[in-house]
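A structural walkthrough
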Amino acid sequence: MKKLVFLILTLAMAPIHAQENAGYQKPPKAIMDLVDVPRAPSVLIDEAKNYMVLLSRDSYESIEDLSQEELRLGGLRIDPKTNIGSRVTYFNKLQIKNLKTKNATIVEVKGLPSNPKLTNFSWSPDQKKIALTNTTSKGVEIWILDIASATASKIVSDKANANVGDVINWFADGQALLVKIVSEKREELINTKTAVPSGPTISVNDGKKAQNRTYQDLLKNKNDEHNFEQLAQSEIYKVSLNGKMEKWLSSAIYTSVNFSPDGNYVLIETIEKPFSYLVTYQRFPSKTTVFTKDGKQVETVLEVPLIEDLPQGFMAVRTGKRNFSWRSDKPSTLVYVTALDGGDPETVVPFRDEVFEMEYPFKGNDKSILKTINRVSYIQWANNTLAIAYDSWWNTRNTKTYLFNPSDASQEAKILSDRSYQDKYSDPGSFVTERNNFGKNVLSISNENAFLLGEGHTAKGQFPFLDQINLKDLKKKRIYQSKYTDKVEDLRSYDHLKNELLVRIESPTEYPNYFFRNLKGNKLTQITHFENPFISIQNVHKEVINYKRDDGLALSGTLYLPLGYDVKKKEKMPMIIWAYPAEYKDKSSAAQSTQNPNAFTFPYYGSMVYWVTKGYVVLDDASFPIVGEGDEQPNDTYVKQLVANAKAAIDYVDGLGYIDRNRIAVGGHSYGAFMVANLLSHSDLFAAGIARSGAYNRTLTPFGFQSEERNYWEAPEVYNTMSPFQQADKMKTPLLLVHGEDDNNAGTYPMQSERYFNALKGLGATVRLVILPKESHGYKAKESILHLLWEQDQWLDKYVKNRVMESQK
């Protein structure tokens with residue numbers, strides 16, 4: 001039986017102190033039929049392409065699921081009864097298909113418990129098994145899935161600790177795992193609601209600048225510290241496949257656990273004290289230590305103090321060694337990065353980062369192998385003399401790709417690409433990888449050639465490609481390019497030995513399905529047969545429109561016409577614009593379109609596509625670029641550009657003859673909600689707005705927000721001008737505010753919507769605030785989602801579709 005939970009539904013048009021006591025509502029049948037549909041499985045495929053594992057789950061959780069006890073500590077949200085994240089997405093059905101057998105049927109996995117809650121899937125080194133967790137009412141179990149026999153068995157009862165993640169790690173021989181287990185030293189948790197304080201909570205600063213984002217779910221007092229430590233600490237056990245358990249390491253707060261490629265060493269990171277009330281657990285003090293596979297300590301390679309006072313800027317990092325990992329192409333070689341600019345983006349240096357490697361005994365034999373112009377992003381290893389490195393720099397949106405010899409730092413690295421990462425048309429693609437003899441991913445190389453899979457966005461459309469690049473002369477050869485003009489072909493992986501691609505193909509009416517494409521004969525072999533669950537809208541008119549802003553900047557959006565709309569008659573219909581602003585440092589990248597009209601039409605809980613069934617034109621994912629070139633920052637002219645984007649979209653669609661420009665709504669989620677409030681405050685283009693889970697007062701996020709790295713005191717005019725709360729007296733348009741009661745996103749506290757609503761109400765605006773109980777930044781419970789759709793439908797019908805103009809009254 002569904003549990004009715006009190007919902008705060010505040011209607012501004014009602015008496016000033018009134019709230020509606022309403023239960024959860026449901027949208028009209030036309031929308032319900034698109035919401036209440038089965039979800040296609042997710043897919044796992046082994047490297048050899050022998051088996052496919054299909055993972056199924058319910059489309060939504062229930063409000064009862066979200067109402068379980070939850071503790072929010074140090075940036076974590078934990079179910080203290082089960083010792084796993086309280087917002088984890090679970091699968092409840094596993095199936096296996098043999099890809100080597102022609103016309104093989106899909107087999108149900110046997111041996112699973114009833115009503116399973118499965119997650120943390122981890123392939124064994126030989127990919128013949130998968131380890132996974134199952135969450136019960138008592139705790140987290142460890143299970144093993146044997147792929148060939150399609151059977152599952154439990155090896156650890158409900159005592160695994162998944163609160164900090166990385167709960168399962170395979171030994172190299174595939175006969176045992178390292179598992180985090182609830183500590184025997186765990187003490188009783190303190191009920192922070194009833195505990196009697198022993199004194200005040202005091203925070204101090206010694207004069208250093210500590211400019212941090214407005215994180216949520218932080219520790220607040222000593223009781224929180226106690227509870228965090230008890231829930232986060234675990235012991236590590238070696239667990240054999242027959243269930244035999246042997247303690248491997250004693251109690252500590254273990255975060256990451258990583259075997260060396262040869263399996264002889266384990267790199268382990270632990271959280272140390274003191275904890276912080278300003279930052280999340282990722283920036284608490286930590287220690288990184290190398291152990292043998294038998295649990296004997298070799299060397300502590302890194303100790304990091306509490307990080308509360310980084311330099312200002314998104315590219316700021318701490319000083320000293322960071323980002324320890326194993327080289328995937330060598331048996332047991334560690335690599336790490338250090339900053340050459342003191343971690344301060346304002347310091348001008350020729351190289352920002354330097355990469356080092358170190359061998360056993362992991363002390364005193366550090367060797368420099370690469371310097372990068374920007375911050376190191378990641379490295380793809382190939383062999384002793386070849387690797388690919390990537391860097392990036394947020395302030396310029398620049399990214400570089402390097403080809404280098406890790407055995408000889410005196411050889412200058414070759415820059416393969418030097419581009420804006422926002423320039424999708426110039427994207428050379430991602431290097432193809434394959435599993436080596438250690439079972440780790442390395443560059444796939446054949447006769448000195450590597451391979452690149454690209455999304456293939458161009459000004460003429462999207463045509464994904466496979467390129468071959470010679471790593472000696474750097475010449476490229478196109479091996480394959482998708483030619484579809486009525487479908488989308490997503491190239492997922494490439495096996496050069498078989499000359500075969502794994503692809504996913506979809507169209508507006510065909511659900512995405514997986515195929516093997518053999519390039520020798522260009523033969524397609526379908527391996528999944530997922531059906532379209534949204535038949536009622538499969539014939540909806542859909543196109544990508546291209547138009548220009550008043551300054552000439554090219555914009556785009558995906559336009560849907562109402563079901564059954566007669567293009568010849570061109571009846572004037574209401575329209576909904578849904579968008580999310582994006583900041584750019586160059587107009588060329590901002591003008592690019594990556595939308596594809598051939599993508600499958602997939603309405604999800606946050607989508608406005610549902611309303612094509614109700615007679616609305618929908619402009620989805622409309623371009624809202626905010627550009628600041630050179631020394632100019634995008635937000636310096638945020639409001640002006642925002643309104644110009646909206647006007648350009650409306651003018652263009654109006655010019656097509658489809659819409660009544662007096663009946664247009666605009667909507668957005670998170671930063672999109674912020675956009676909505678600003679558009680309604682600074683223009684008269686819209687009949688109504690929908691703003692979900694937004695932040696409206698930027699003085700409450702004084703040390704930066706979204707892509708703004710200046711603090712409030714450096715740019716007070718920008719913060720104030722961009723804050724709808726400060727412009728509340730300008731609001732003349734009906735606004736629906738929706739917020740999750742337990743929003744965990746940095747900056748978007750529920751208080752943002754509550755205070756903004758109070759301001760609007762006090763100034764006489766037409767506004768409605770809906771607080772969804774138990775929901776976070778994104779919404780998960782079916783009851784919440786159905787009610788959200790109902791609220792939006794009611795609002796749109798009243799203030800947009802059936803809008804009464806003053807002249808008509």
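The preceding data block contains the structure.
Let us look at the structure shown here. Note that the structure is a prediction, hence the values are computed from the model and not measured.

**Some points on the side chain of T270**
- Structurally, T270 is set in strand 18 (residues 265-271).
- Among the polar contacts made by the side chain of T270, one reaches the side chain of E272 at a distance of 2.6 Å.
- Discounting residues that sit within four places of it in the chain, T270 has contacts with A252, I253, Y254, T255, P285, S286 and K287.

**Describing the sheet that holds strand 26 (residues 386-393)**
- Read from one edge of the open sheet, four strands run 25-26-27-28, paired in antiparallel fashion. At either margin of the open sheet sits one strand with a lone partner, and together these are strand 25 (375-383) and strand 28 (414-420). Direction aside, neighbouring strands of the sheet carry axes that sit 15 degrees apart on average.
- Relative to strand 26, strand 25 is paired through seven bridges, and the arrangement is antiparallel. Within the sheet, the bridge partner assigned to N383 lies in strand 26 and is L386.

**Here we look at the pairing of strand 32 (residues 449-454)**
- For strand 32, a buried count of six out of six residues is recorded, marking the element as mostly surrounded by other parts of the structure.
- The alternating pattern of strand 32 places N449, F451 and L453 on one face and A450, L452 and G454 on the opposite face, and all of these are buried.
- Inspection of the sheet shows strand 29 (residues 430-431) paired to strand 32 by two bridges, in the antiparallel sense. In the strand pairing of strand 32, F431 is matched with L452.
- Here strand 32 runs beside strand 35 (residues 465-470); their pairing, made up of six bridges, is antiparallel. Note that in strand 35 the partner of N449 across the bridge is N470.

**Focus on the sheet that holds strand 39 (residues 513-518)**
- The strand order 37-38-39-40 describes an open sheet built from four strands, whose pairing is antiparallel. Every other strand in the sheet has two partners, leaving strand 37 (488-495) and strand 40 (523-526) as the edge strands with one partner each. The mean angle between the axes of side-by-side strands here comes to 30 degrees, regardless of whether they run parallel or antiparallel.

**Side note on the packing of aromatic side chains**
- Counted under the stated rule, the structure contains 38 aromatic pairs.
- Ring geometry for Y605 and Y779: centres 5.7 Å apart, planes at 50 degrees, overall tilted. With Y605 in the loop between helix 4 (587-590) and strand 45 (617-622) and Y779 in the loop between strand 50 (767-772) and helix 9 (782-801), this pair connects stretches of sequence that are 174 residues apart. Taken as a pair, Y605 and Y779 share a single burial class, namely buried.
- Here Y712 and W713 contribute two aromatic rings whose centre-to-centre distance is 5.5 Å and whose plane-to-plane angle is 90 degrees, an arrangement assigned as edge-to-face.
- Every member of this aromatic cluster is reached through a ring pair, and the members are Y580, Y638, Y671, F674, F703, F705, Y712, W713 and Y719.
- Its guanidinium or amino end placed over the ring of F171, K238 lies 4.8 Å from that ring's centre, counting from NZ or CZ.
- In this structure, R397 is placed above the aromatic ring of W394, and the distance from its NZ or CZ to the ring centre is 4.3 Å.

**Let's talk about the environment of I659**
- Inspection of the secondary structure assignment puts I659 in strand 47 (residues 659-669).
- We classify I659 as buried; its relative accessible area is 1%.
- For I659 and V43, which are 616 residues apart along the polypeptide, the C-alpha to C-alpha distance reads 41 Å.
- Not counting the four nearest positions on each side in its chain, I659 is found in contact with K572, M573, M575, V617, I650, V653, D654 and I664.

**What to know about the pairing of strand 39**
- The buried fraction of strand 39 amounts to five of the six residues, a majority that puts the element mostly inside the structure.
- In terms of strand pairing, strand 38 (residues 500-506) meets strand 39 through six bridges, oriented antiparallel. Of the residues in strand 39, the one forming a bridge with R504 is Y514.
- If you look at the hairpin formed by strand 38 and strand 39, you'll find six residues sitting between the two strands.
- In terms of strand pairing, strand 39 meets strand 40 through four bridges, oriented antiparallel. Its bridge partner lying in strand 40, N518 is registered against K523.
- Turn length for the strand 39-strand 40 hairpin, with the two strands adjacent in sequence and antiparallel, is four residues, and the turn residue N522 shows positive phi of about 55 degrees.

**Observations concerning unusual backbone geometry**
- Across the junction of K273 and P274, the peptide omega takes the value 5 degrees, indicating a cis bond.
- One can find P274 in the loop between strand 18 and strand 19 (286-292).
- In the segment running from Y360 into P361, the intervening peptide bond is cis, with an omega of 10 degrees.
- Note that P361 resides in the loop between strand 23 (353-358) and strand 24 (367-372).

**Focus: the pattern of salt bridges**
- Taken as a whole, this structure holds 40 salt bridges when the rule is applied.
- Note that R87 and D742 form a salt bridge whose closest N and O atoms lie 3.6 Å from each other. Of this pair, R87 sits in the loop between strand 7 (84-85) and strand 8 (93-98) while D742 sits in the loop between strand 49 (735-740) and helix 8 (750-762), and the two are 655 residues apart along the sequence. Judged on exposure class, the residue R87 and its partner D742 are both buried.
- R661 is the partner of D651 in a salt bridge, and the nearest nitrogen-oxygen pair spans 3.0 Å. On the criterion of sequence distance, the pair formed by D651 in helix 5 (residues 638-656) and R661 in strand 47 is long-range, its members being 10 residues apart.
- A relative accessible area of 34% places R661 in the partly exposed class.
- A single network of salt bridges, built from pairs that share partners, joins R322, D341, R352, D353 and R375.

Basis of the calculations
Sequence order as written defines residue numbering, which begins from 1 separately in each chain. This being a predicted model, a pLDDT of at least 70 is required before a residue's local features are given, and a value of 80 or more before pairs of side-chain atoms are given or counted; all residues contribute to the totals for chains, interfaces and linings. Derived side-chain values reflect all non-hydrogen atoms in the structure, with water molecules and hydrogen atoms excluded from consideration. Put simply, DSSP H or I for four residues or longer makes a helix, DSSP E for two residues or longer makes a strand, and each gets a number counted from the N terminus. As used in this structure description, the phrase polar contact means that two N or O atoms lie within 3.5 Å; if the pair is within protein, one of them must be able to donate a hydrogen and the other to accept it, and residues adjacent in sequence are counted only when both atoms belong to side chains. What makes two residues a contact is simply this: any of their non-hydrogen atoms within 4.5 Å. Here a strand pair is declared whenever DSSP counts at least two bridges between the two strands. Axis definition: a line fitted to C-alpha atoms, over the contacting stretch in the case of helices. Angles run 0 to 180 degrees between N-to-C directions. Exposure classes here rest on a 1.4 Å probe applied to the protein chains alone. A residue is buried below 20% of its type maximum, exposed above 50%, and partly exposed in between. Think of it this way: a Phe, Tyr or Trp ring, Trp meaning its six-membered ring, pairs with another when their centres are within 6.5 Å, and the plane angle makes it stacked under 30 degrees, edge-to-face over 60, tilted otherwise. In this scheme, Lys NZ or Arg CZ marks a charge over a ring once it lies within 6 Å of the ring centre and within 35 degrees of the ring normal. Any carboxyl oxygen of Asp or Glu within 4 Å of a side-chain nitrogen of Lys or Arg constitutes a salt bridge here.

Taken by themselves, the reported measurements are silent on function.
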